[in-house]
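# Working through the structure, step by step
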Amino acid sequence: MNRQANFALAPSSLTDALYQSLRRRIVNGEISAGEKLTEQRISNEYDVARPTAKACLERLTMLGLLRRTAHKTAVVPEFSADEIRDLFFARGTIESSAVTFLAGQGLVPSEAEEAQLLIEAAAREGDFEKQVDADIAFHTALVAGVASERLSRMHELIMGEVHLTMGRFQAHRSTRSSTVAHEHSAILESIRGRRPDQAALRLAEHLEHARRRLLDRLEAESQEADEKE
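Everything quoted here is computed from the prediction, not taken from an experiment.

Turning to the confidence of the model for the chain, a few remarks are in order. Of the residues in the chain, 91% have a pLDDT of 70 or more, and the chain-wide mean is 89. Within the chain, helix H4 (residues 81–105) carries the highest mean pLDDT (97), whereas helix H9 (residues 196–228) carries the lowest (89).

Attention now goes to the packing of aromatic side chains. Taken as a whole, this structure holds zero aromatic pairs when the rule is applied. The side chain of Arg59 reaches across the aromatic face of Tyr19, ending 3.8 Å from its centre. Lying over the aromatic face of Phe79, Arg67 brings its terminal NZ or CZ to 5.1 Å of the ring centre.

Right, let's talk about the sheet that holds strand E3 (residues 74–75) for a bit. Spatially, three strands are ordered E1-E3-E2 in an open sheet, and the strand pairing comes out antiparallel. Looking at strand neighbours, the two that pair on one side only are strand E1 (36–37) and strand E2 (67–68), the edges of this open sheet. As defined by bridge partners, E2 adjoins E3 across two bridges and the pair is classed as antiparallel. If you follow Arg67 over to E3, its bridge partner there is Val75.

Further remarks concern the packing of helix H1 (residues 14–27) against helix H2 (residues 39–46). The interhelical angle for the contact between H1 and H2, taken along N-to-C directions, is 105°, at an axis separation of 12 Å. Accordingly, the angle class assigned to the pair H1 and H2 is roughly perpendicular. Here H1 contributes Leu18, Ser21, Leu22 and Arg25 to the contact with H2, which in turn contributes Arg41, Ile42, Glu45 and Tyr46.

We now examine the nonpolar core. Generally speaking, a soluble globular protein has its nonpolar side chains buried in company with each other. If you look at the biggest cluster of nonpolar residues, it comprises 59 residues, and the most contacted ones within it are Ile42, Leu142 and Ile191. Ignoring any residue separated from it by four or fewer positions in sequence, one finds Ile191 in contact with Val99, Leu102, Ala103, Gly106, Leu107, Val108, Leu142 and Ala199.

As a further point, take the pattern of salt bridges. Pairs may arise between side chains of opposite charge once their charged atoms sit close together. Following the criterion strictly, the structure yields 18 salt bridges and no others. A salt bridge links Glu129 to Arg24, with the nearest nitrogen and oxygen atoms 2.5 Å apart. On the criterion of sequence distance, the pair formed by Glu129 in helix H6 (residues 128–144) and Arg24 in helix H1 is long-range, its members being 105 residues apart. Owing to a relative accessible area of 36%, Arg24 belongs among the partly exposed residues under this scheme. The partner of Glu189 in a salt bridge is Arg202, and the shortest N-O contact between them spans 3.9 Å. Taken together, the residues span a long stretch of sequence, with Glu189 in helix H8 (residues 177–192) and Arg202 in helix H9 at a distance of 13 residues. By relative accessible area, Glu189 is classed as partly exposed at 42%. Through salt bridges that share partners, Arg25, Glu30, Glu35, Arg41 and Glu45 make up one connected network.

Here the focus is helix H7 (residues 149–169). Taking 1.5 Å of rise per residue, 21 residues should cover 30 Å, and H7 covers 30 Å from first to last C-alpha, within 8% of that figure. The largest bend along H7 reaches roughly 30° and is located at Ile158. Positive backbone phi, approximately 50°, marks Gln170, located one or two places after H7.

As a further point, take the side chain of Gln116. With respect to the element layout, Gln116 can be found in helix H5 (residues 110–125). Its relative accessible area of 4% is what places Gln116 among the buried residues. Excluding its chain neighbours within four sequence positions, the residues that come into contact with Gln116 are Phe138, Ala181, His184, Ser185 and Leu188.

Mapping Ala74 onto the fold places it in strand E3. Each C-alpha atom of the pair Ala74 and Glu39 lies 9.2 Å from the other, and the pair is 35 residues apart in sequence. Ignoring any residue separated from it by four or fewer positions in sequence, one finds Ala74 in contact with Glu35, Lys36, Leu37, Leu57, Leu66, Arg67 and Arg68.

Rules used throughout
Residues numbered from 1 in each chain as written. Predicted model: local features only at pLDDT ≥ 70, side-chain atom pairs only at ≥ 80, totals over all residues. Heavy atoms only, no water. pLDDT = per-residue confidence, 0-100. Helix = DSSP H or I, 4+ residues; strand = E, 2+ residues; numbered from the N terminus. Phe/Tyr/Trp six-rings, centres within 6.5 Å; stacked < 30°, edge-to-face > 60°. Lys NZ or Arg CZ within 6 Å of the ring centre and 35° of its normal. Pairing = 2+ DSSP bridges. Axes fitted to C-alpha atoms, helices over the stretch in contact; angles between N-to-C directions. Parallel < 35°, antiparallel > 145°, perpendicular 65-115°, else oblique. Contact = heavy atoms within 4.5 Å. Core = buried A, V, L, I, M, F, W, Y, C linked by side-chain atoms within 4.5 Å. Buried < 20%, exposed > 50% of the residue type's maximum accessible area, 1.4 Å probe, protein only. Salt bridge = Lys/Arg side-chain N within 4 Å of Asp/Glu carboxyl O. Expected span 1.5 Å × (residues − 1). Bend = angle between axes of the 7 residues up to and from the residue.

The structure is reproduced here in structure tokens:
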């Protein structure tokens, strides 16, 4: 008996298409924090085989977009303040090494410049989702520009959680749309000018602003929940 799928997948690799669809639903909050994702649920919603659903769940879990409970059920993670601080500590360690290296060479990756153009366009249009996607692409391009497979691999494991927190708390909405674009431009300027210390400092300031916005949003949500009780 044929089942009617609720979500259509693009005609690319089935697992990749499934991954992209679920990733976007998780990041955008359509699948909320604490919600369970099982092989059976995915199989039913997308009309895919259980092994395909399992492979997708494993990939999402590996990148931090899902966590396994003691009973091995995959759930969308909820983040504490300490987890966000730790996430940005790890992120800053990797990205600082990347921008210092790039600035030492005066090397601005073309992918970072392209992502910056997308960020500026999204800021002008007021498109939050595109701005978040371009932001992730910008920082990913900086690390990829070092051409270190291991550094990029470590960064990828972190950026899944970063993307999730950005979408979950929608922290970009709490600042002017041009702020992130301006801070990114300053980082690129320091790299282009071969000023490693300045590039690392501007990156650190940028990440601290992002971290603060997330923590503020988390605190505000906590207060709202307490008031409802």
